[in-house]
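Listed below are the residues making up each chain.
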Amino acid sequence: MIEIKDLHKTYSMPGNVECHALNGLSLQVEDGEILAIIGKSGAGKSTLLHMIGCIDDFDSGSVVVDDMELARLSDGKRAEFRNSRVGIVLQDFALIPEYTVQENVAVPLIFSKDRKKVRERVAAALEEVGMKEYISKKANQLSGGQKQRVAIARAIVNNPRYILADEPTGALDTETSRQVMDTLIELNRKGTTIIVITHDPDIAALCTRSVRIEDGRVVD
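Rules of the game
Residues numbered from 1 in each chain as written. Predicted model: local features only at pLDDT ≥ 70, side-chain atom pairs only at ≥ 80, totals over all residues. Heavy atoms only, no water. Pairing = 2+ DSSP bridges. Helix = DSSP H or I, 4+ residues; strand = E, 2+ residues; numbered from the N terminus. Salt bridge = Lys/Arg side-chain N within 4 Å of Asp/Glu carboxyl O. Buried < 20%, exposed > 50% of the residue type's maximum accessible area, 1.4 Å probe, protein only.

Undergrad: It is not clear to me how the pairing of strand β2 (residues 17-29) should be interpreted in this structure. Could you clarify?
TA: Successive side chains on a regular strand alternate, one facing one side of the sheet and the next facing the other. Where strand β1 (residues 2-13) lies against β2, ten bridges are found, and the strand directions are antiparallel. Each residue of the ladder has a partner; that of Ser 12, found in β2, is Glu 18. Between β1 and β2, which pair antiparallel in sequence order, lie three residues; one of them, Gly 15, sits at a positive phi of approximately 80°.

Printed below as a string of structure tokens:
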């Protein structure tokens, strides 16, 4: 379970302007749900995801994931948390174009010395998202939907408890978006808790619950 209480984050902008990205946000994410976080651009959705994923620090408040208070983790424990507890999926896929599908999915396993185990885990993750037959293709040879499924495979290769998906269908057409969501829904059925940032009400409707963020706060 993820418990977020009174979270604040302010960024300094050019011209001595402060941007209050999160403004006392509180939220609870139950195990086993697919939660859609909706809201306008600049509402604080992606900032919240970055806080949960230990990508950025918050100014005050608390984020507790499976009884771990993230603010209290050492740098080493934060890195371990990012690599094993959460998988992150981004709108722009963040694949390395000249790498093969296999090499891209293996990136989170870069420090593993057991190469046989790495190959097995990569193959299993690609099988999970229906992309195993593309294992030797370069990322720059794939369609948008295929790239996103490879990005999901990379996110799950370490068997994380949580997937944090930031506008995973934002760059895709309607049919491909549904295919990507079907992949996430199937992962959820197998026990993975998923948070999806989206501005698309049709995508939000596929999730088990949705909350809206405005001005850095949950409003419903």
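Undergrad: Would you mind going over the pattern of salt bridges with me for this structure?
TA: Oppositely charged side chains can pair when the atoms bearing their charge come close. Applying the stated rule across the entire model yields 13 salt bridges. Its salt-bridge partner being Arg 85, residue Asp 66 comes within 2.8 Å of it at the nearest N-O pair. Residue Asp 66 is found in the loop between β4 (60-65) and β5 (68-69), and its partner Arg 85 is found in the loop between α2 (75-84) and β6 (86-90); the two are separated by 19 residues along the sequence. When its relative accessible area of 24% is taken as the criterion, Arg 85 is described as partly exposed. Note that Lys 190 and Glu 128 form a salt bridge whose closest N and O atoms lie 2.4 Å from each other. Of the two residues, Lys 190 sits in the loop between α6 (174-189) and β8 (193-198) while Glu 128 sits in helix α4 (residues 115-128), which places them 62 residues apart along the sequence.

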